[in-house]
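# Summary of structural features
In case you want the letters, here they are:
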Amino acid sequence: MAEQKEDKSMKAGRVSQTVYRRSVLKQIQNNIEGIDFLRPSQEETCYIADESEERITIATDVSLAGNEKDLGVFAIAQAVDQLASRGARAYGISVRIMLPTFAYESRLKAMMVEISEICKEKGLRVFFADAQSVNGIQTSIVHVTAHGEAKKEQLLASRSAKAGEEIVLVKWIGMEGTLRIIREEGAALAERFAPGFLNKMEEMRDQIFSDRAMEIAGRNGVSAMHPIGEGGILAALWDMAEGAGIGLSVEMKKMTVRQETIEVCEVFHLNPYQLTSTGAVLMVTPKGEELKERLKREGIPAEIIGHTTEGNERIIWGGGEKRFLDRPAPDELARIYEMKENVNA
């Protein structure tokens, strides 16, 4: 009798690539024959929902858990940015909210007000909205499905990155995670920092939408774009390289991070390079300096942090030392929720 493999429980966050390939992708492989562009993979976040001769409708799904009243705004930003990274402009969403049974109606109403306001601001239609109270969960969960449209010639995939090109980082890593930590641990942070410090970060919420930056980049010859989400910039670099089957060489000191993020992470002993970073985007292009200056003229921060390479070596340089990029680790934000659960246990 064949020896049965040990069935281990899984950590919070997305499953490992090994688990994904073994328990997800392998189970659906018979249903994805013939699908090529935007084919299912752990690196690809979007899929084709409809297609005509000239245009393609692309969709993406985002699920976030947390206690923030604007949790839906972060989910929508992540979805809009994912579509923009594939060359599509989002035009509408569907949203489903799941609440713990101890949540009050006022929480649901506040969450929907935030969702409604950001959709009006971004010109997004709300196709469908639903809410339910669920046994067994401790935080709210927001699931967003977003639809966007792209011209066929503008379509990009996660695997479109090419070797021998420059990697441009747009905006700052860890910004989304910092904002969400402030929501969750505002009282503790208020004891350590002046109100002006926290308010300065709150003013940056609009920066989590980077569709405009990606629209500009799409007109300036990028090979691929990869929004930095769960797992932070280290996970995004791995996913980008893994999806395209290439290597990379990047410098840690060139990865732009706000001082506020560094200080908030120090309070909770978190790694900002593994912190969810919606709003920050990796762009691969043969014209790094030109793209960087083009974005900066539009008031959008951008820095060249390295380049892509042939082969599979994924190197990070820091303080003159060379190390190899590891497979994605759980997002640091999960530790905030774990700490809260331990306190409430």
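Note: the structure precedes this text.
Rules behind the numbers
- Residues numbered from 1 in each chain as written.
- Predicted model: local features only at pLDDT ≥ 70, side-chain atom pairs only at ≥ 80, totals over all residues.
- Heavy atoms only, no water.
- Pairing = 2+ DSSP bridges.
- Helix = DSSP H or I, 4+ residues; strand = E, 2+ residues; numbered from the N terminus.
- Axes fitted to C-alpha atoms, helices over the stretch in contact; angles between N-to-C directions.
- Contact = heavy atoms within 4.5 Å.
- Core = buried A, V, L, I, M, F, W, Y, C linked by side-chain atoms within 4.5 Å.
- Buried < 20%, exposed > 50% of the residue type's maximum accessible area, 1.4 Å probe, protein only.
- Salt bridge = Lys/Arg side-chain N within 4 Å of Asp/Glu carboxyl O.

What follows concerns the sheet that holds strand β12 (residues 321-324). The pairing of strands in a sheet comes from backbone hydrogen bonds and takes either a parallel or an antiparallel form. Here we have seven strands laid out as an open sheet, ordered β7-β9-β6-β10-β8-β11-β12, and mixed in their pairing. What marks the edges here is a single partner per strand, and that holds for β7 (224-227) and β12. Strand-to-strand twist across the sheet, computed as the mean angle between neighbouring axes with direction ignored, equals 25°. When strand β8 (residues 247-251) meets strand β11 (residues 314-318), the two strands line up parallel, connected through four bridges. Of the residues in β11, the one forming a bridge with Leu248 is Arg314. Against the sheet, helix α8 (residues 232-244) makes contact with β6 (166-170), β7, β8, β9 (281-285), β10 (302-309), β11 and β12, and its axis sits at roughly 35° relative to β9, the strand it touches most.

Of all hydrophobic cores here, the largest spans 52 residues; its most connected members are Ile76, Ile93, Ile181 and Leu189. For this core, the element with the most residues is helix α2 (residues 71-85), which contributes nine residues. Those residues within four positions of Ile93 in sequence are excluded, and the remaining contacts are Ile76, Ile115, Cys119, Leu124, Arg125, Val126, Phe127, Phe128, Val144, Thr145 and Ala146. Counting 25 residues, the second-largest nonpolar core is a separate cluster that includes Ile228, Ala236, Ala241 and Met252.

Structurally, the position occupied by Arg180 is in helix α4 (residues 175-184). In this view, Arg180 contacts Leu64, Ala65, Gly66, Glu68, Leu71, Phe74, Leu333 and Tyr337; residues no more than four positions away in its chain are not counted.

Mapped onto the elements of the fold, Glu117 is located in helix α3 (residues 105-122). We classify Glu117 as partly exposed; its relative accessible area is 48%. The spatial distance from the C-alpha of Glu117 to the C-alpha of Val73 is 9.2 Å, given a sequence separation of 44 residues.

Looking now at the pattern of salt bridges. For the structure on display, the rule yields 21 salt bridges. For the salt bridge of Arg89 with Glu215, the shortest nitrogen-to-oxygen distance reads 2.7 Å. You can see Arg89 sitting in strand β3 (residues 89-100) and its partner Glu215 sitting in helix α7 (residues 211-218), a full 126 residues away along the chain. Its relative accessible area of 55% is what places Arg89 among the exposed residues. Residues Lys296 and Glu303 are paired through a salt bridge, measuring 3.1 Å at the closest nitrogen-oxygen approach. Note on Lys296: relative accessible area 36%, which makes it partly exposed. One network of salt bridges, with partners in common, ties together Lys69, Asp70, Glu114, Arg183, Glu202 and Arg205.

Let us now look at the pairing of β11. Judged from the four bridges that link them, β11 and β12 form a sheet pairing that is antiparallel. Paired with Gly318 across the two strands is Glu321, which belongs to β12. Hairpin geometry of β11 and β12 is characterised by an intervening segment of two residues between the two adjacent antiparallel strands and by a positive phi of about 60° at Gly319.

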